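The chain contents come next:
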Amino acid sequence: MNNLLLEVENGIAVLTINRPKALNALNSETLAELGQCLAEVEKREDVKVLILTGSGEKSFVAGADISEMVNATPKEGRAMGLLAREAFGRLENMPQVTIAAVNGYALGGGCEISMSCDIRVAAENAKFGQPECGLGILPGFGGTQRLARLVGKGRAKELIFTCDMIDAQEAYRIGLANKMVPQAELLDTCKKMAGRVMKNAPFAVSLAKQAINTGMDTDLDSGLKLEANLFGLAFSTEDKKEGMTAFLTKRKEKHFIGK
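Residues numbered from 1 in each chain as written. Predicted model: local features only at pLDDT ≥ 70, side-chain atom pairs only at ≥ 80, totals over all residues. Heavy atoms only, no water.

Draft legend 1. Summary view of the overall build of the protein chain. Counting its secondary structure elements, the protein chain contains 11 helices and 10 strands. Rg of the C-alpha trace for the protein chain: 19 Å, near the compact-globule value of 18 Å for 259 residues, within the 12% margin. Along the longest, intermediate and shortest principal axes, the C-alpha atoms of the protein chain span 65 × 40 × 35 Å. The burial tally for the protein chain puts 43% of its 259 residues in the buried class. (Helix = DSSP H or I, 4+ residues; strand = E, 2+ residues; numbered from the N terminus. Rg over C-alpha atoms; globule rule 2.2 N^0.38 Å. Buried < 20%, exposed > 50% of the residue type's maximum accessible area, 1.4 Å probe, protein only.)

In structure tokens, the structure reads:
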């Protein structure tokens, strides 16, 4: 991989977008690499949580690579959007929990890729925004869809139409960021959160993720039916027996196997 770094330790994968000279901007090569890497990671049983971040302390992902887009044709622009859709969709729906460690600018494609993660933890210096309309285009990597689902239609329209950039505190206030921490504590905070996730039954967490993601895109009754089906499925697992037995016997240690 030319533009990504992957490290796996103790069940946690840290995936770093590594284009520091371009402020980690997303070009087609990086998007393709991202899709391929995520396809491999989602199959790994030794990875329970994925943390996504950008190299350096200034930028998470500054956006899509404008130098690539400036002379792109409509066909090429659409192809780039579809490439992002595939990679971001895989990130959003992979069985592992995903955490965005937003260590700086998360603009355009950077804001969009962060929204594809389950959880966003922002450093105090982080900045979020969708500046595409100021460039003569619109968010094309999921921004018009995921932002409204996260912060509401009105706030999403304001951010997209004005191209305003907001800081980490405002992102936290409106629900775009789950937490805001000092820059020096960002990765440790994400790893500690990952550790709390990994204490729980991995298959159950995966089912809960599926229920939430699918339920958000359907009506309430259909979502509740899906939840009931997945709830029943969880009763077939060894982890359900282990978790409930440990609870009833007041045993603190739980030995989940993910089945």
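Draft legend 2. Structural view of the nonpolar core. Grouped together as the largest cluster of nonpolar side chains are 44 residues, with contacts concentrated most on Phe88, Ile113, Phe128 and Leu176. The residues touching Leu176, leaving out its near neighbours within four places in the chain, are Cys111, Met115, Arg120, Phe128, Leu147, Leu150, Val151, Ile166 and Ala171. (Core = buried A, V, L, I, M, F, W, Y, C linked by side-chain atoms within 4.5 Å. Contact = heavy atoms within 4.5 Å.)

Draft legend 3. Region of the structure containing unusual backbone geometry. You will see that Leu23, though not glycine, has its phi angle at about 55°, which is positive. Looking at where Leu23 falls in the secondary structure, it is placed in the loop between β2 (12-17) and α1 (28-41). One non-glycine residue with positive phi stands out, namely Lys250, at about 60°. Within the secondary structure, Lys250 is located in the segment after α11 (238-248).

Draft legend 4. Structural context of the packing of aromatic side chains. One pass over the structure, following the stated rule, counts 2 aromatic pairs. On the numbers, 5.9 Å between centres and 85° between planes, the contact of Phe88 with Phe141 is edge-to-face. A residue pair is termed long-range when its members are at least 10 positions apart, and Phe88 in helix α3 (residues 74-93) and Phe141 in the loop between β8 (127-129) and α5 (143-151) qualify at 53 residues. Judged by its relative accessible area of 0%, Phe88 falls in the buried class. (Phe/Tyr/Trp six-rings, centres within 6.5 Å; stacked < 30°, edge-to-face > 60°.)

As far as function goes, none of this settles anything; it's purely spatial.
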